[in-house]
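# Architecture at a glance
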Amino acid sequence: MAASFATLHHVLFLVWFLPIAFSLSFFFFKAESISNVSCNEKDKQALLTLKRGLTDQEHVLSSWSDHKDCCIWDGVFCDKKIGRVSELHLNYSRLGGEISGSLLQLEHLNYLDLSYNNFNCTPIPTFLGSMFSLTHLDLSGANFCGLIPHQLGNLSSLRHLSLGVNSNLYVDNLRWMSGLSAIQYLDLNSVDLHREVDWLQIMSKFPSLSELSLNYCQLDSLNPSLGFVNFTSLRVLSLFGNHFNHEIPNWFSNLSTSLLRLGLTQSSLKGNIPPSIFNLEKLELLSLYINKLTEQIPELLGQLKHLMYLDLGYNSLNGPIPSSFGNLSHIRSLYLDQNQLNGTIPKSLGLLSKLETLYVGKNSLTGTVDERHFRKLSKLKNLYMTETPLFFNVNSNWVPPFQLGYASMGSIKIGPNFPSWLQSQRSLSFLDVSMTGISGKAPGWFWNWTSNITFINLSNNHIECDVSDIFLGSTVQVLNIANNSFYGPISRFLCQKKIRKNKLKVLDASNNLLSGELSHCWKYWQSLIHLNLGSNNLVGGIPYSMGALVNLQSLRLQKNSICGDIPSSLKKCSNLRLIDMGDNHLSIIPLWIGEMKNVSVLRLRSSEFKGYIPQQICQISSLIVLDLANNSLSGSIPNCLKNISAMAFPNSYDISSFSMSLLYLYAYKYDVENVQLVPKGKEMEYNKNLKLVRLIDLSSNNLSGSIPTEISDLFELRFLNLSRNHLMGKIPEKIGSMKELESVDLSRNHLSGEIPPSMSNLSFLSLLDLSYNNLSGRIPSSTQLQSFDALRYIGNLQLCGDPLPKSCTIEEQSLNKSPIGSVEDDYENSSFYIGMGVGFATGFWVICGALFFNRTWRHAYFRFADEIKDWIYVTTMIKMNLLEKLRLCLSK
């Protein structure tokens, strides 16, 4: 449930050890302690020239004026003794434009910070390499592009260089860096370094280098063959987001006396955790998160007694959790989630008195977790045990020594009793106890206890509760009680006065026993972005007041007994992306549906809709699912479906258009867009992969007319079902251009003509049903079309060819003639045609010449021809009448 939330924890902590930590501390500070020595005039004019070249959206340079002492300007710091500008702190100022060469006139400038501005992908000015007094240069996150100028290697006094988070910077080599003899801190995050294969040897030659950050630099090797790397002073090494694709090298053991933090997250490392890691005796942080590491976690890892942060999550490590981890007395964060660990959780983990975060979820750990596992964990704040076959078995009167803020315990065994120890957790903001076997009545204390909580997931249990007993604190944003036994009229919950000031964004009460009509109290729920009341016993109409839910993005009322019209007030819910009102008793599809421009999924199947499919539905260009199946819709299929661009063009469905609120929910792995569809004749639930679906299902209606040829323009469509209607005419000739089609069902209609040859181009087709139509001719030859069972073509009397038992020899002979033959074939064919011409001329004059010159023969011949003509006419009419009667019988 919360794997992405786990990722957020990893990333947030790693940000601590990135160089971005240098920020705003001095920016708006006024230099009050500066001596009476005023700003140097030369420096002032240089700064004013700099200002004129910059764009200043936030007016942060408004204090830079000619009549003021420049030493008291915002972001400017001077040497107190001589009044010369020594530092410029212009970070996070939304500056842009051109950086003037007037900076060269600031002869005493040693600190320049232009980080986190926007210089619109311009190159780093080469003149910066001539500012020899600089000891600190920070250009990170300022949107610089292009080649890093080699001139920066001239800054021999530079101790701090940060060029990271400029996504389009690159180097052709790093040899120019040899001049940075004083460098201590180097940040090249996101700089493309792949052209420099000797980066490691170059970096290791800096004797004073203590922090090196090369995250996401497209590096592909740590040179594991090297036996020694001479990082004599290195304390921090961060290399995550690269593509090493080899084992962790042994040369890390050379850093045993200095290295404090090692970050190798998401670097495609494989193999085991080698002894070179155990030798890093001073290590405080080790992150191997998201790699391909295998084998067991070594017991010796527990010897790193200074370790405060250990992340081994998202690998393929197996075996037990080492009991030696109980020796990590300084550990605060321990991430072992998303591996293949087995065995039991060692009780020695209960000795980690400084532990704040424990992630062991999504493993194969078994056994019981009891009070002894938490004996000394008084500082524990985050516990992640989700999707692990553990039994959380504690006494009903247990009072934990900790105060959790985050508890993700879904899909482990906790029940049948409700966990009473939660009552002592007053700081909890996130609670997931879904699918944990809890049953029976929810205790009375629970809803009052939720006054400070943000996220509650009780879904997929057997909890009984009257919805009128639910009380939501003002902080609750997500409430998921789906698949339980909550009961009572829904209005008692929605209209109670004590929760009218709620901030709820997600309410999922689907698959319960809720009853009654939808209330008119929706004005109190305007924060909702996701509402799911499906699969209950709700009755009555959809109230007009639901239009008050202006932030709603997902509305699900499926599988109830709701009746009547869809109110026009829902037009106000312009952010709606998913509408599911299937399996109800509704009336007509409203014309205003075309105004819902952001809807991606429209599921109205099995809801007794009558009338026509409005043409306005084609105005919803963002549709990826149009499911109107099993209704009583009549008329023709709109010929404007090609206007639904999400089904016509690749990448036209933009997931980035989700609001930040929905992205927040996705961080918790909460599937707000799961929906039941019937893509290949079987009902399936789509959630995370819903964005890949492109489906039109109009089956089991009373639609008539022809299939519009324009439907062939939906090049991204994957599932098409028009079966069980009264459609006539031909299958569109260009249906083969819809090359993404995986399923086509046109069965039980009145389609006629031949199967278009272009259908043989549908290489992804895994389901085809053309049965019970009036199709004729030969089934086109292709690997796909002949692979389907004959039942998929049955009921078309004039259809022949494989896989049907009825052969069509004449058609096959005519189709099997090659349009281009060999030279011998051409010679034989030309001889045949010459002989045929001579024979025709000879025969013509023998027969016709005799008739022309002999009158008796001529009269006898024409009399015989008249008799034959009459006989053929009578015989033909008799046969045609018999065939017509036979066709009528078959159609009945």
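Residues numbered from 1 in each chain as written. Predicted model: local features only at pLDDT ≥ 70, side-chain atom pairs only at ≥ 80, totals over all residues. Heavy atoms only, no water.

Per the secondary structure count, the protein chain includes 11 helices and 54 strands. Put simply, the protein chain has 892 residues, and 52% of those count as buried. Sequence separation of 24 or more characterises 56% of the internal contacts of the protein chain that already satisfy a separation of 6 or more. Accessible surface for the protein chain amounts to roughly 39600 Å². Of this, 53% is attributable to carbon and sulfur atoms. (Helix = DSSP H or I, 4+ residues; strand = E, 2+ residues; numbered from the N terminus. Buried < 20%, exposed > 50% of the residue type's maximum accessible area, 1.4 Å probe, protein only. Contact = heavy atoms within 4.5 Å. Areas by Shrake-Rupley, 256 points an atom, 1.4 Å probe, with all protein chains shown as cover.)

A separate point is unusual backbone geometry. Across the junction of G415 and P416, the peptide omega takes the value 15°, indicating a cis bond. Inspection of the secondary structure puts P416 in the loop between β25 (406-408) and β26 (430-432). For the bond running from D802 to P803, omega is 15°, close enough to zero to count as cis. Along the polypeptide, P803 turns up in the loop between β54 (798-800) and α9 (809-816). Phi at R94 is positive, roughly 55°, even though this residue is not glycine. The topology assignment puts R94 in the loop between β3 (85-89) and β4 (95-97). Within the chain, E608 stands out as a residue other than glycine whose phi angle is a positive 65°. You can see E608 is positioned in the loop between β40 (601-603) and β41 (610-612). Judged by relative accessible area, which is 39%, E608 ranks as partly exposed.

To continue, consider the environment of W525. With respect to the helices and strands, the residue W525 is situated in the loop between β33 (513-517) and β34 (530-532). Through-space distance from the C-alpha of W525 to that of R500 is 7.5 Å; in sequence the pair is 25 residues apart. Once residues within four sequence positions are removed from consideration, W525 is found in contact with L472, F493, L494, I499, N502, L504 and L549. A polar contact of 2.9 Å, which involves the side chain of W525, links it to the backbone oxygen of L494. (Polar contact = N/O pair within 3.5 Å; in protein donor to acceptor, adjacent residues only side chain to side chain.)

What follows concerns a positive patch on the surface. A cluster of basic side chains, namely R332, K354, K379 and K381, defines a positive patch on the protein surface. With respect to the helices and strands, K379 occurs in the loop between β22 (368-369) and β23 (382-384). The exposure class assigned to K379 is partly exposed, which follows from its relative accessible area of 43%. (Patch = residues over 30% accessible without salt bridge, like charges linked within 9 Å, V, L, I, M, F, W, Y side chains within 5 Å. Salt bridge = Lys/Arg side-chain N within 4 Å of Asp/Glu carboxyl O. Lys, Arg positive; Asp, Glu negative; His and termini not counted. Charge placed at Lys NZ, Arg CZ, Asp CG, Glu CD.)

Ordered in space as β27-β29-β31-β33-β35-β37-β39, the 7 strands form an open sheet in which the pairing is parallel. The sheet is open, and its two edges are formed by β27 (439-441) and β39 (585-586), each paired on a single side. (Pairing = 2+ DSSP bridges.)

Spatial strand order, β41-β43-β47-β49-β51-β53-β54: 7 strands in an open sheet with parallel pairing. Each of the sheet's edge strands pairs with one partner strand only, and the pair in question is β41 and β54. For this sheet, the mean angle separating the axes of adjacent strands, direction not counted, is 25°. (Axes fitted to C-alpha atoms, helices over the stretch in contact; angles between N-to-C directions.)

Okay, the state of the cysteines next. Across all of its chains, the model carries 6 disulfides by this definition. With its sulfur 2.1 Å from that of its partner, C71 forms a disulfide with C78. Disulfide C71-C78: the torsion about the S-S bond is -100°, which places it as left-handed. With cysteine numbering restricted to those in disulfides and following the sequence, the protein chain has the pairing 1-2, 3-4, 5-6, 7-8, 9-10, 11-12. (Disulfide = S-S within 2.5 Å.)

Given a rise of 1.5 Å per residue, 13 residues ought to cover 18 Å, and the 19 Å separating the end C-alpha atoms of helix α2 (residues 41-53) matches this to within 8%. Listed as buried for α2 are D43, K44, A46, L47, L48 and L50. At the N-terminal end of α2, a side-chain oxygen is found 2.9 Å from the backbone nitrogen of K42, two or three residues along, and the residue is N40. (Expected span 1.5 Å × (residues − 1).)

For the rest of this paragraph, the subject is the pattern of salt bridges. A full pass over the atoms with the stated rule returns 17 salt bridges. Here K362 and E387 are joined by a salt bridge, their closest N and O atoms 4.0 Å apart. Here the residue K362 occupies a position in the loop between β21 (357-359) and β22, and E387 occupies one in the loop between β23 and β24 (391-392), the gap between them amounting to 25 residues. Relative accessible area serves as the criterion here: at 18%, K362 is assigned to the buried category. With a shortest N-O distance of 3.0 Å, D627 and R605 are connected by a salt bridge. A residue pair is termed long-range when its members are at least 10 positions apart, and D627 in strand β42 (residues 625-627) and R605 in the loop between β40 and β41 qualify at 22 residues. The buried category is assigned to D627, whose relative accessible area is 1%. Looking at R605, the relative accessible area reads 12%, which means it is buried.

Before going further, it helps to spend a moment on a nonpolar patch on the surface. Together, Y772, L791 and I794 make up a nonpolar patch on the protein surface, roughly 280 Å² of accessible area in all. Position of L791 relative to the elements: it lies in the loop between β53 (774-778) and β54.

Turning our attention to the side chain of N339. Checked against the element boundaries, N339 lands in the loop between β19 (333-335) and β20 (340-341). The class for N339 is buried, based on a relative accessible area of 8%. Polar contacts involving the side chain of N339 include one to the main-chain carbonyl oxygen of L312, which spans 3.0 Å. For N339, the side chain forms a polar contact with the main-chain oxygen of D337, separated by 3.2 Å. Setting aside its immediate chain neighbours within four residues, N339 contacts L312, G313, Y314, N315, S316, L317, K362 and N363.

For the rest of this paragraph, the subject is the confidence of the model for the protein chain. The predicted model of the protein chain averages 87 in pLDDT, with 84% of residues at 70 or higher. Note on residues 1-35: pLDDT under 50 across the span, and 93 contacts to partners over four residues away in sequence or across chains. (pLDDT = per-residue confidence, 0-100.)

Moving on to the pairing of strand β31 (residues 485-489). As defined by bridge partners, strand β29 (residues 462-466) adjoins β31 across 3 bridges and the pair is classed as parallel. Within the sheet, the bridge partner assigned to D466 lies in β31 and is Y487. As defined by bridge partners, β31 adjoins β33 across 3 bridges and the pair is classed as parallel. Across the sheet, the residue bridging to Y487 is L513, located in β33.

The description of an aromatic ring pair uses the distance of the two centres, along with the angle that the planes make with each other. Inspection of the entire model under this criterion finds 27 aromatic pairs. Residues Y359 and Y384 carry aromatic rings whose centres are separated by 4.8 Å and whose planes lie at 25° to one another, so their mutual orientation is stacked. Linking Y359 in strand β21 with Y384 in strand β23, this pair joins segments that are 25 residues apart in sequence. In this pair, the class of Y359 matches that of Y384, namely buried. Between the aromatic rings of F402 and W421, the centroid separation amounts to 6.5 Å while the plane-to-plane angle is 85°, which identifies the pairing as edge-to-face. Here the residue F402 occupies a position in the loop between β24 and β25, and W421 occupies one in the loop between β25 and β26, the gap between them amounting to 19 residues. Residue classification places F402 among the buried positions, given a relative accessible area of 1%. (Phe/Tyr/Trp six-rings, centres within 6.5 Å; stacked < 30°, edge-to-face > 60°.)

We now examine the nonpolar core. Where a protein is soluble and globular, its nonpolar side chains tend to be buried together. By size, the foremost hydrophobic cluster in this structure holds 226 residues, and its most contacted members are L88, M203, F392 and F493. Leaving out residues up to four positions away in the same chain, L88 has contacts with L47, L50, W64, G75, V76, L103, L106, L109, Y111, L112 and D113. Among the nonpolar cores identified, the runner-up in size contains 12 residues, and V601, V675, L690 and L695 belong to it. (Core = buried A, V, L, I, M, F, W, Y, C linked by side-chain atoms within 4.5 Å.)

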